[in-house]
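# Overview (structure and organization)
What follows is the residue order along each chain.
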Amino acid sequence: MKQNARQEVFCKEFLIDLIATQAIRAGYSERTARSQGQRLLTNVDILARVKELKSKRVDELELDAYWVLKRLKDISDRSMQAVPVMEYDQAEQCLVETGEYEFDSTGANKVTELIGKHIGMFDPKLNRQLNMTEVQIAKVKAETEFIEERTKLIRGTTKDTGLLDAFLEGRKLYEQNKD
């Protein structure tokens, strides 16, 4: 379905700040802008158009995950640099170093967090997936071990004492519970 002119304007305006209540800029009334914006964002055609416009913008700006990570790394490196603390010296009439240094710990922490999120360090779903993978590996190992033992039994390189072991275990339980 094609959007009408006002819906098209909404899609373009939404991309400016990603705030649906700004439907006012697309010509919706101030009184209903909030509900109209939310309603429009549940429309499949509107969402598809917004996605298309975002994709076009990303392509035009030549943005991708590599670009973002490179920028984050540059910002992190810059934030971690020790910058000398400067103080105005009245006698020399200029700024001089105090011998102290500072760095942008807030910026460095935020950038590190964003990079960590990108590579999945803080994703609980990823941790669950890794745990599931470990369980699956253990299961495959157990199945492999079982198949190897069965192969030995079939080839006759190992004697099957399972029945005898089960009988002895049953007899032991019987003797314990007999009293």
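A short tour of the structure in this document, coming up. Values in this document were obtained by computation on a predicted structure and should not be read as measured data.

The rules behind the values
Residues numbered from 1 in each chain as written. Predicted model: local features only at pLDDT ≥ 70, side-chain atom pairs only at ≥ 80, totals over all residues. Heavy atoms only, no water. Helix = DSSP H or I, 4+ residues; strand = E, 2+ residues; numbered from the N terminus. Rg over C-alpha atoms; globule rule 2.2 N^0.38 Å. Buried < 20%, exposed > 50% of the residue type's maximum accessible area, 1.4 Å probe, protein only. Lys, Arg positive; Asp, Glu negative; His and termini not counted. Charge placed at Lys NZ, Arg CZ, Asp CG, Glu CD. Arc of directions from axis to C-beta. Contact = heavy atoms within 4.5 Å.

A count of helical and extended segments in the protein gives seven helices and two strands. When its helices and strands are written in sequence order, the protein yields α-α-α-α-β-β-α-α-α. Its C-alpha atoms give the protein a radius of gyration of 33 Å, clearly above 16 Å, the size a compact globule of 179 residues would have. On the principal axes, the C-alpha backbone points of the protein span a range of 95 × 70 × 45 Å. Residue burial in the protein is summarised as follows: out of 179 residues, 16% are buried. Within the protein, one finds 29 positive and 31 negative side-chain charges whose respective centroids are separated by 10 Å.

Turning our attention to helix α2 (residues 33-40). What α2 keeps buried is the set A33, Q36, G37 and L40. Viewed along the axis of α2, the buried residues span an arc of 100°, placing them on a single side of the element. The secondary structure elements touched by the buried residues of α2 are α1 (5-17) and α3 (44-61).

A few words on the side chain of S76. Relative to the helices and strands, S76 is located in helix α4 (residues 65-80). Classification of S76 by relative accessible area gives buried; the value is 14%. Apart from residues no more than four positions distant in its own chain, S76 is found in contact with V111 and T112.

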